[in-house]
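Listed here are the chains, written in short residue letters.
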Amino acid sequence: MQNKGLLIVISGFSGVGKGTVVSELLKRYPDLYSLSISTTTRAMRPGEEEGVHYFYRTREAFENMIASDSLLEFAEYNGNYYGTPKDYVLSEMESGKNVILEIEVQGALKIRQKFPEAFLIFILPPDARSLYERLIKRGTETEDVIRNRMKRALVEAEYAPYYHVCPVNDDLEKCIEETHSLIINKQKEMEERRRLLSSITEELALIVENK
Ligand code: 5GP
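Cut-offs used in this document
- Residues numbered from 1 in each chain as written.
- Predicted model: local features only at pLDDT ≥ 70, side-chain atom pairs only at ≥ 80, totals over all residues.
- Heavy atoms only, no water.
- Helix = DSSP H or I, 4+ residues; strand = E, 2+ residues; numbered from the N terminus.
- Buried < 20%, exposed > 50% of the residue type's maximum accessible area, 1.4 Å probe, protein only.
- Contact = heavy atoms within 4.5 Å.
- Areas by Shrake-Rupley, 256 points an atom, 1.4 Å probe, with all protein chains shown as cover.
- Patch = residues over 30% accessible without salt bridge, like charges linked within 9 Å, V, L, I, M, F, W, Y side chains within 5 Å.
- Salt bridge = Lys/Arg side-chain N within 4 Å of Asp/Glu carboxyl O.
- Lys, Arg positive; Asp, Glu negative; His and termini not counted.
- Charge placed at Lys NZ, Arg CZ, Asp CG, Glu CD.
- Axes fitted to C-alpha atoms, helices over the stretch in contact; angles between N-to-C directions.
- Left-handed = near helix turned anticlockwise from the far one by under 90°.
- Nonpolar A, V, L, I, M, F, W, Y, C, P; charged D, E, K, R; others polar.
- Phe/Tyr/Trp six-rings, centres within 6.5 Å; stacked < 30°, edge-to-face > 60°.

A. Main features of the overall build of the protein chain. In terms of regular secondary structure, the protein chain is built from 7 helices and 8 strands. For the protein chain, the spread of C-alpha atoms along the three principal axes comes to 75 × 40 × 30 Å. Every one of the 211 residues in the protein chain was classed for burial, and the buried ones make up 40%. Considering only intrachain contacts with a sequence separation of at least 6, the fraction spanning at least 24 residues in the protein chain is 67%. For the protein chain, the exposed area adds up to about 12,300 Å²; of that, 54% sits on carbon and sulfur atoms.

Here it is, written out as structure tokens:
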């Protein structure tokens with residue numbers, strides 16, 4: 001029987017570099033990973049494209065997707081809906097791909113409840129000050145917006161203990177490869193467990209029959 005791919009959730013504070021880690025994983029290991037493109041009601045930002053960054057929908061269309069059970073999970077963030085389309089993710093996993101969901105913390109916990117085998121990764125900065133300085137250097141947001149992101153990070157930090165692993169993005173290159181190794185190790189461990197369990201189950205059935 002072909003093993004299904006892993007469902008991988010990647011979260012982290014705004015500015016931690018999770019987007020770069022995800023895009024590098026997809027670029028370096030295109031046969032192993034597949035990215036779920038979310039649906040959102042937020043406005044398209046300059047440089048973004050429909051179907052590449054998100055599927056942009058009205059609130060009404062989004063609520064119809066909720067009603068028709070087309071989303072694996074959804075959450076409200078900053079006054080907008082964000083959700084993971086179900087069919088794409090399930091069919092990619094079925095074909096053996098490890099599907100990455102780059103989603104926020106509430107959605108991550110919903111995935112964990114629905115898919116206990118999902119692997120949850122929370123990328124941490126080496127310390128709070130470097131996260132703050134990274135956002136200041138980026139220069140794309142005002143001081144107020146950055147302070148709000150720090151406030152939100154305080155809340156998000158409460159969810160980090162529910163994740164399986166928390167690689168630190170001190171050195172980007174190291175963080176990308178560490179994240180990849182953590183995923184591969186998890187996949188191997190699950191395959192071994194599945195194999196062992198199936199042989200134990202077969203043997204148990206034989207023992208029970210012979211009684
Ligand atoms: P942004 O608007 O900056 O692209 O994303 C805002 C937040 O929404 C980010 O933390 C991002 O990871 C999260 N997000 C993106 N797609 C989804 C989704 O499908 N579900 C959930 N729960 N969060 C998402």
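B. Up close: a negative patch on the surface. Taken together, Asp127, Glu133, Asp170 and Asp171 make up a surface patch of like negative charges. Inspection of the secondary structure puts aspartate 171 in the loop between helix H6 (143-156) and helix H7 (172-210). Using a relative accessible area of 37% as the deciding quantity, one classes aspartate 171 as partly exposed.

C. View of the packing of helix H1 (residues 18-28) against H7. Interhelical geometry of H1 versus H7 gives an angle of 65° and a closest axis separation of 10 Å. For the pair H1 and H7, the sense of crossing is right-handed. Note on element contacts: H7 touches H1 through Leu172, Glu173, Cys175, Ile176, Glu177, Thr179, His180 and Ile183, opposite Thr20, Val21, Glu24, Leu25 and Arg28. Tallied by class, the residues present in the contact of H1 with H7 amount to 6 nonpolar, 3 polar and 4 charged.

D. Region of the structure containing the pattern of salt bridges. Summed over the entire model, instances satisfying the criterion amount to 14 salt bridges. A salt bridge links arginine 42 to glutamate 48, with the nearest nitrogen and oxygen atoms 2.9 Å apart. Given the relative accessible area of 8%, arginine 42 is considered buried. Under the relative-accessibility criterion, glutamate 48 is labelled buried at 15%. With a shortest N-O distance of 3.0 Å, glutamate 76 and arginine 59 are connected by a salt bridge. Placement of the pair is glutamate 76 in strand S5 (residues 71-77) and arginine 59 in helix H2 (residues 59-67), with a sequence separation of 17 residues.

E. The packing of aromatic side chains, seen in detail. The tally for this structure, following the rule as stated, stands at 9 aromatic pairs. Ring centres 6.2 Å apart and planes at 75° place the aromatic pair tyrosine 29 and tyrosine 33 in the edge-to-face group. With a centroid separation of 6.0 Å and an interplanar angle of 80°, the aromatic rings of phenylalanine 74 and tyrosine 81 are classed as edge-to-face. Aromatic ring contacts, followed pair by pair, group Tyr54, Tyr56, Tyr77 and Tyr82 into a single cluster.

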